[in-house]
Every structure is written in structure tokens, then in C-alpha cells.
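Here is what each chain is made of, one letter per residue.
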Amino acid sequence: MQGPLIDTLARQGITRRTFLKYCTTLASMMALPPAAGLAMAEAMAAARRPSVIWLPFQECTGCTESITRSHSPTLEGMIFDMISLDYQETLMAAAGHQAEEALQAAMKENAGKYLLIVDGSIPLDMDGAYSCIGGRSNVEILKEAAAGAAAIVAMGSCAAFGGIPKANPNPTGAVSVSDIIKDKPIVNIPGCPPIPVVMTGVLAHYLTFGSLPELDDKGRPKAFFGETIHDRCYRRPFYDQGKFAKTFDDEGARMGWCLFELGCKGPVTYNACATVKWNGGTSWPVESGHGCLGCSEPDFWDAGGFYKALSVPADPLEFGAAAAVVGAGAGVAVSFANRAKKRAAKAAHQTTTLADLEK
Amino acid sequence: MSASLEKGINALKQVIDAPIASYFNSCVHCGLCADACLFYTETGDPKYTPIHKLEPLRRVYEQEYTLLGRLKKVVGLSKPVTDDELDQWQSLVYDSCTMCGRCSMVCPVGNDIVYMVRKFREGMAASGHVPDGIKGATQRTVEIGGPMGLKWPAVANVIRKAEEATGLAIPVDKEGADYLVLLSSMEIVNFPEYLEALAKIFSKAGISFTLASDAFEATNAGIQIGNSDIAKVIVSRIVDAAEKLKVKNVLSPECGHAYMAIRWEGPNLIGRPFTFNVVHVLELLDELRLKGVLKMKSTFKEPLILHDPCQIVRRGGVLQAAEPLIQQVADNYIPIVDKQKWNWCCGGGGGASAIHTDEAEALRAKVFQVKKRQIEEAGVSTMVTFCANCRIVMEEGVDHYEMDTKLLGLTELLAEHLED
């Protein structure tokens, strides 16, 4: 698979028109101006394959699965194929010394230019001995690979925020990529697993503009992580109307009402699931009847239980009624006192004459 | 000789009403009123923030009428208002507030700040913290008849001269006239042309009018000083005269706060509706213009701008009359940016022009810079207004800065160019 991307796509039966449409969609998803779609298409079509090194650390391979196997075959998958993936343990044919040599060769050949993708957290306890590849600790490999990278993409919640390995009591001393690497641009694409289109979106942006997309304060691309699940949830109208499912098999659940009381973390989770959906746009957690776990937020595993509601109101009616009675009583009392005072002031008024202007 | 702190506080307790309670509770301390006040914009001193000028009133409200305030007073967190404090506030509430009402216009929560200043002055007057200048004006109005100490013979003299100049009869104490014409002392002394202009216009329009020998003065120093009892005495003279002469309308002169005193405060002061209408001279002129009575024989050629007096336009509600009138008589009228209800005050309204201490006069000259800028930005050497007090204050400002600006009264300007 050599040559420009568009040729490869054409060989696989993707027309230029389909590709353009895809790029325009991608651009609009990333909240870029419409013209950016065309620019993106041109840049990506002509792009030579950028070298990508993918380092898997303390992880479950779910992120890789998400991108390579979640749905077949899509443009995301193909663009993913189009990059020169020079090292990816799970996918590469090579093994053992050959694999390590490939990594060294790729780092040397493309020094300063390759994109480094990391999935999985990095254990620091016991000198990093909890996770080693080819006899070297993850932290050592990461530092070496990061040194020559143009930018780093932290794929998945583990690489971005430490994820499940970091969950209390964090036996391996797991940390995120940004805890270790401070001198390279890092894009966090959290999610357990992350959404494939976010990955291709960041890649497309990088290829088109030669820079990383705009990031939020947690290092996530704003285009995809700018709004909460709750803000874009199709069940939001039920929340606004106060219609909640109380259990997973009650009338409310069957009517598709809001899952807030069943512990949905949508209101505090920034991700694009509600708009992009999963499995080629088939569905997403809330649509399938389960609340959001908040998997793209830091420390989601320790956020107090997946089925515990974010907040529980005090009995508002009872409390409100009592407050109203007390408030009304106090109001009436103050009003009577104030009226009496004002009446007294009026009674005490002596008509002012000129002489009264002097002290 | 009986003004005291106790009386002042009692007056404040008396004037605090539901609007004031809601205003103090609604204030979000945004400070927008500061930028609406010329005393702040021209000095940059935050003590001139309009709502701050009401601090003693706010404390009395809080301490007397709120639960929390009472508690704070008991435990000593909120200090009672003292005589010294009111003395300090005197310059804030008289020298540096012209009651122009621009602050009330900008308040985002709708607080009528100038309404509160008017009420606060009741307490200041009752506690004896009133500038001598306004006190003197009030004394002269009550004892002699007008703030400048004018008596009827002086007015009779002006009437005779106007009759000679115009060749028209100017009736006095004529029963059943359409209009009872009021004057302000400022017009009698400084701008006697006003009466001549009116006589010409009335004769042209065929409207009957009269002056009243026992109520010629329209201004009301009681309003400026902030004492309703005295203001009532002064306004009653006009009401009594108008009702005795059975006139249909009372014509308020150009003077700004005179109109405010008769038209808006008057019925509240005497506690009943009037049996006559109060009309501002510009309202009448605009009506005559629409009827086609005001025909011009010539026009004023030089470029000019208009100064809208606060009490007539922003606070009085005579918003639209002046512009078409000036366009009728001037070829080259230049509308300024802050006009009509947004116009900047002359700096001497609300009694401020009667205060002649060095500090007050220096401050007045300083804040005149806002008008100076307006004149300079428009690049004109003529400014027309329709309030005798604005005119005299601005003439002082023009002299102070040695500008070559000429000030004209609108009614006069119209009369000068009126078809014979």
C-alpha cells in the first residue's frame, strides 16, 4: 500500500465523492468552517503515509479493538490503515527481536516527525517493573519514544488519565502519559474505549493543518469533548420535564425516560457519544437503556458507583412547604412591625417651616 | 431653629416606601450608574457613584426595616447614622447631584436612583444639612415670592417693556384665559425676551393668556431643598391662582425643574388632582407647529446643537417636541450622540446652581467638560436649550473655558424668526 491515500481508497472502491463527503462531515464534526472539509480532503488525499508508532502499555487492548474491529470496513478503518503503522504489537506480524528492531528503525528514520500513539497507563512503582516489554519498563520505552515524536496522542482513559489501572488503591502506581511527558504536545482522547472517529478526526486535522486541534483544559479536542453527554442526549427533554426511570424495568425505563436517577453520569461527562454514537452509528449506551458511566472523565472508576445518582434532592415539597410557612410568617411579622414604625414616623412629623431649616 | 438629627432620621423613616425597599434589595452593586453620572465621568472619583450618594438612607432602611439590619444594629455591626456623617454627605447629595436622572436610566435592575435622592433630601433638610445657597433661595421664595427675591413690580416692569417692544397687550389677572403664563426668576432677570416671544406667538395663534400677580414664579426651591411641606406652600400659590382665575391651562416656562415641580410633583404635594392642565411651553409650541400656526419668515443659518434639559426631557417626558421645532427654525441642526433622554446635564440642576461655595463652583466648572466635549465634537458655536437655568449654568461654563459658544433659548429663537 504505497502512494497517495486517494489512490489506495480508489482501489478499494471508495469514490472521490464519497471521500469528500466524509471529509466534510469530519470537518463539521470538528466545528471547522465548511471550506475546511475541502482542504482536509485535498491534504489527506495527497498525504504520504505519516509514520505512526503505537505503544501499548498497561492496557486491555480495548482501544485497539475499538478502532480496528468495532465495525467493518469503514473509512475510519481505512484511513487508519493508510498510516504507516510501524510498530503495533497487537497488529504487527513481526515478533520478538524483529519487532523491537522495527521500533528502533522507525524511531531513527522518522526522528522528530512521527506521531506517537500510546494506549494504557504507565506503572511507576517498583521502578516500573509491573509492565515490561522486551525486558524494558514501559516508562523507559515511553521516554525514549517520546523524545523523537512530533506529537503524542494518549488513546483511551488509561493513557489520558490513568484509567482503571490507576483506580483505588492503584497497586502498580499507574500514571497517565501527561504525568511523565511534559515537553511534547499531547492530545488526550479519553474513553473506555474512545470513539474511533475522534482518532481519525485528530489524525485528519494533523495531516491537513500540520497542527493539533484546539484542546480543552484536560487536553481533549474541544470539537468532540466540548459538550456533555447530557447536553446532547436525546433523552434530555424527559430530564427537563422531570420524567425519570426509577428502575431498569419500570414503566419509565420502557418509555425511554431519563436515566439520571439510575446513576447516569451524562451531566458531568464530556464526550461525543450522544452525537456520533457507536458501532457505525447504530446505538450508544443511553440509547440501549443504560446510563453513561462517565468513562472519558478522569477517575471515573472511583466516582462513587455507576448506579448512584449524581445528586438526590431533599424532599422538595415538604421542605419547600415548611420554608414557605416560616417565610410567610416572618414576612407578615416584619410587615406589621414596619408599618407600625412608618405610621409612628408619620405621626412624629412636624410640618416644616422656614425656621426649621436651621439647626 | 429646630432641625435635628432626630427629625432627619424620622423623615427618612417616613419617606422609605415599598419602591425604596425594593430598590435597595435589588441593587447588585454593578456600578453602572457611575458611568451615567457626569460627576463621576468628569472626576473619576468613585465617591460620586450615584447609589453611594444614598448610603445613609440605605443604612436607615436596613436598620429600621429589615430583620438582619436590626440584628446588625443590636450587635453593633451596623453603625447608626450620625450628624457628622450627614454633614459629609451634604456635598454628595446637593453639590454633586443635579437630580438629572441619568443614573435611573441605566440601572439594569430598574432602580430609580434619582427618586431616592429626592426622598433622601427630605431627611437632609429636616436634619439641617442643606447648603446655604439653596436655603437662601428657599427663604426668598417663601418670604418674598421668588428665589432671586423678585417682587411683582419687577415683573410688571418686564411686562411693560414687553408690551412696548411688541406693541401687544399682556393681560394680568384676567379670568377665564386659556393659559396662565408662569415665569421663572431667571427669565425675568436674564432673559426678558421670553415674555416678548410668548406674546407674539399667542397673538399669532389667537390664544388668550394671562399672568397672575400673586403667582408669577414657577420655580420651587422647596423641591430642590427636598422639603415637601415648603414645596407644598410654594406650589399652592400657583394652584390657588389658577383656580381663582379659572384658567384651562397653566403654562410652565422653559425652566426645567419648574415644570417638574408643577406637572409631576404638584398634585402629589397638594394631595389631589388639578382642575387645570399643566403644559410645558414646548408642548404648546409643538402643537401650534402641527396646526401650522408657527410659520417662519427666515431661518437660523449657522450650525447648532440642542441641549435637552433633564427635567423637561428625560424626567419630564417632553421627549419629541424640541427636535421638530428646532428643525423648523434652523437650517443646520446637528443631532448629537447623547441627545434627548440620554443627554448630559448642564451640571447645575436640582438646586446645584444656587450653591456658591468655592468647591461647588469648581466642581461645576469641572463637570461642564462633558458639555464642552459635546460642543467641540459637533464643531458648532451655537447651542440651543429650553431651560433658563441650564442656559445660565452653561454660560458660566462657556466663560470659564473661554469658549466662543453662544447660547440661545428655543422659544426666543423661534419668536425671532416668526412670520410677522
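Preceding this section is the structure that the text describes.
Residues numbered from 1 in each chain as written. Chains lettered and ligands numbered in written order. Predicted model: local features only at pLDDT ≥ 70, side-chain atom pairs only at ≥ 80, totals over all residues.

Asker: Which residues make up the overall build of chain A, and what values go with them?
Answerer: If you tally the helices and strands in chain A, you get 16 helices and nine strands. Within chain A, the fraction of its 359 residues that count as buried is 38%. Relative to all contacts within chain A whose residues are 6 or more apart in sequence, the contacts with residues 24 or more apart total 70%. (Helix = DSSP H or I, 4+ residues; strand = E, 2+ residues; numbered from the N terminus. Buried ≥ 20, exposed ≤ 12 C-beta atoms within 10 Å, placed from the backbone. Contact = placed C-beta atoms within 7 Å.)

Asker: Outline unusual backbone geometry, supporting the account with residue identities and numerical values.
Answerer: Look at the link from Asn-168 of chain A to Pro-169 of chain A: it is a cis peptide, with omega at 5 degrees. Mapped onto the elements, Pro-169 of chain A comes out in the loop between α8 (156-161) and β8 (174-175). A cis amide bond links Cys-192 of chain A with the next residue in sequence, Pro-193 of chain A, at an omega value of 0 degrees. Inspection of the secondary structure puts Pro-193 of chain A in the loop between β9 (186-189) and α10 (196-209). A positive phi angle, close to 50 degrees, is found at Gln-340 of chain B, a residue other than glycine. Relative to the helices and strands, Gln-340 of chain B is located in the loop between α18 (322-329) and α19 (358-367). Here Gln-340 of chain B falls in the partly exposed class, since 16 other C-beta atoms lie within 10 Å of it.

Asker: Go over the pairing of strand β7 (residues 406-409) of chain B, please, and point to the residues and values.
Answerer: Residue and element names in this part refer to chain B. As paired strands, strand β6 (residues 382-385) and β7 are joined by four bridges and run parallel to one another. Along β7, the bridge assignment pairs Val-384 with Leu-408. Viewed along the sheet, the connection from β6 through helix α21 (residues 388-400) into β7 turns out right-handed. (Pairing = 2+ DSSP bridges. Right-handed = clockwise from strand over helix to strand, strands pointing away.)

Asker: Let's hear about the packing of helix α7 (residues 83-95) of chain B against helix α9 (residues 113-126) of chain B: which residues, and what values?
Answerer: Residue and element names in this part refer to chain B. Viewed as axis vectors pointing N to C, α7 and α9 meet at an angle of 140 degrees, and their least axial separation amounts to 11 Å. Judged on the interaxial angle alone, α9 and α7 are oblique. As for the relative orientation of α7 and α9, their crossing is left-handed in sense. Taken together, the residues of α9 that come into contact with α7 (itself represented by Leu-86, Gln-90 and Val-93) are Val-117, Phe-120, Arg-121 and Met-124. Residue composition of the contact of α7 with α9, grouped by class: five nonpolar, one polar and one charged. (Axes fitted to C-alpha atoms, helices over the stretch in contact; angles between N-to-C directions. Parallel < 35°, antiparallel > 145°, perpendicular 65-115°, else oblique. Left-handed = near helix turned anticlockwise from the far one by under 90°. Nonpolar A, V, L, I, M, F, W, Y, C, P; charged D, E, K, R; others polar.)

Asker: So what's going on with the interface of chain B and chain A? Which residues, and what values?
Answerer: Many authors give the size of an interface as the accessible area that is lost as the parts come together. Counting residues at the interface gives 20 residues for chain B, matched by 16 residues for chain A. Listing elements by their share of the side of chain B that touches chain A, those giving two or more residues are α1 (5-15), α5 (55-65), α9, α10 (132-143) and α15 (228-244) of chain B. For the side of chain B that touches chain A, the leading source of residues is α10 of chain B, giving four residues. Taken together, the residues that form the side of chain B that touches chain A break down as nine nonpolar, seven polar and four charged.

Asker: Any details on the packing of α10 of chain B against α15 of chain B? Residues and values, ideally.
Answerer: All names here are of chain B. It is at 10 Å that the axes of α10 and α15 come closest, and there the two elements cross at 40 degrees. Comparing their axes, α15 and α10 come out oblique. The chirality of how α10 crosses α15 is left-handed. Judged by residue contacts, Thr-138, Thr-141 and Val-142 of α10 engage Ile-230, Val-233 and Ile-234 from α15. In terms of residue class, the contact of α10 with α15 is made up of four nonpolar, two polar and no charged.

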